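Chain residues, written in single-letter form:
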Amino acid sequence: MNVLSTALVQKEEKGGRVYYTINWSALRKAEKYDIQKFVPAMAGVYELYYKDTKDPGAGLRLFHYGKAWLGGLRAVIRELTDPILLKQRPELLAVVSKHECYYRFVHCSSLPDMEDILHWIAVSCKHAEKEFPSSGRYKDIRVKEIDAPAG
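A brief look at the structure comes next.

Reading guide: rules and limits
- Residues numbered from 1 in each chain as written.
- Predicted model: local features only at pLDDT ≥ 70, side-chain atom pairs only at ≥ 80, totals over all residues.
- Heavy atoms only, no water.
- Helix = DSSP H or I, 4+ residues; strand = E, 2+ residues; numbered from the N terminus.
- Contact = heavy atoms within 4.5 Å.
- Phe/Tyr/Trp six-rings, centres within 6.5 Å; stacked < 30°, edge-to-face > 60°.
- Buried < 20%, exposed > 50% of the residue type's maximum accessible area, 1.4 Å probe, protein only.
- Lys NZ or Arg CZ within 6 Å of the ring centre and 35° of its normal.
- Polar contact = N/O pair within 3.5 Å; in protein donor to acceptor, adjacent residues only side chain to side chain.
- Pairing = 2+ DSSP bridges.
- Axes fitted to C-alpha atoms, helices over the stretch in contact; angles between N-to-C directions.

**Examining the overall build of the protein chain**
Across its full length, the protein chain holds four helices and seven strands. Along its sequence from the N terminus, the protein chain presents helices and strands in the succession β-β-β-α-β-β-α-α-β-α-β. Overall, the C-alpha framework of the protein chain stretches about 45 × 35 × 30 Å when taken along its three principal axes. Long-range pairs, those at least 24 residues apart, make up 68% of the contacts in the protein chain with a sequence separation of at least 6.

The following block contains the structure:
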């Protein structure tokens, strides 16, 4: 399966505004061999989710998101979803060791574009874990997210 033909960011600029279309990869269960096989070693933005066992009707909950620049998406997602590799991140280890986790990503080769997208995610997320400043290039950032079919 060639995920890079679909999991891409598209961008359009108009009058000081930017419009991103994020074509997310399919949401996949975080298993180390699947990550090695499916996730590209390229730059991009990722989201990590866990299955809420206390409220099964709630479905998946976003618990972490960020960008992968050096090292690429494969290495970052693999590290952040493996309890053995998370010794330096106790806040993530608490989630990953207790819950079934999932991930999705989108390839993006522009660091300023990733900053804008992460800023939008942080602003639109009701429980933003931290602030992500935008690149400062645009007066307004708009994002349309397109979910891939289940993987």
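**So, the packing of aromatic side chains**
A complete count under the given rule lists four aromatic pairs for this structure. Seen in terms of ring centroids, F38 and F105 are 6.0 Å apart; in terms of plane orientation they differ by 65 degrees. Their pairing is edge-to-face. Here F105 lies in strand β6 (residues 101-107) and F38 lies in helix α1 (residues 32-38), a separation of 67 residues in the sequence. Note on accessibility: F38 and F105 belong to one class, buried. For the ring pair Y103 and F105, a centre distance of 6.5 Å and an interplane angle of 15 degrees mean the geometry is stacked. Both residues of the pair, Y103 and F105, count as buried. In this structure an aromatic cluster arises from ring pairing among F38, Y103 and F105. Positioned over the ring face of F38 is R28, at 3.9 Å from the centre of the ring.

**Remarks on the side chain of H107**
Summarising the element assignment, H107 is placed in strand β6. Within the structure, the side chain of H107 is placed 2.9 Å from the backbone oxygen of A43, a separation counted as a polar contact.

**Remarks on the sheet that holds strand β2 (residues 17-23)**
If you trace the three strands from one edge of the open sheet to the other, you get β1-β2-β7, paired in mixed fashion. Bordering the open sheet on either side are β1 (9-14) and β7 (140-146), each of which pairs with just one other strand. Taking each pair of neighbouring strands and ignoring which way they run, the sheet shows an average axis angle of 15 degrees. The pairing of β2 with β7 spans seven bridges and is classified as parallel. Its bridge partner lying in β7, Y19 is registered against R142. Most of the contacts of helix α4 (residues 111-124) go to β7, to which it runs at about 80 degrees, and overall it touches β1, β2 and β7.

**Observations regarding the environment of G66**
Here G66 shows up in strand β5 (residues 60-68). For G66, a relative accessible area of 4% translates into the label buried. Each C-alpha atom of the pair G66 and L48 lies 9.0 Å from the other, and the pair is 18 residues apart in sequence. Setting aside anything within four residues of it in sequence, one finds G66 in contact with G44, V45, Y46, L118 and F132.

The values are spatial; any link to function lies outside them.
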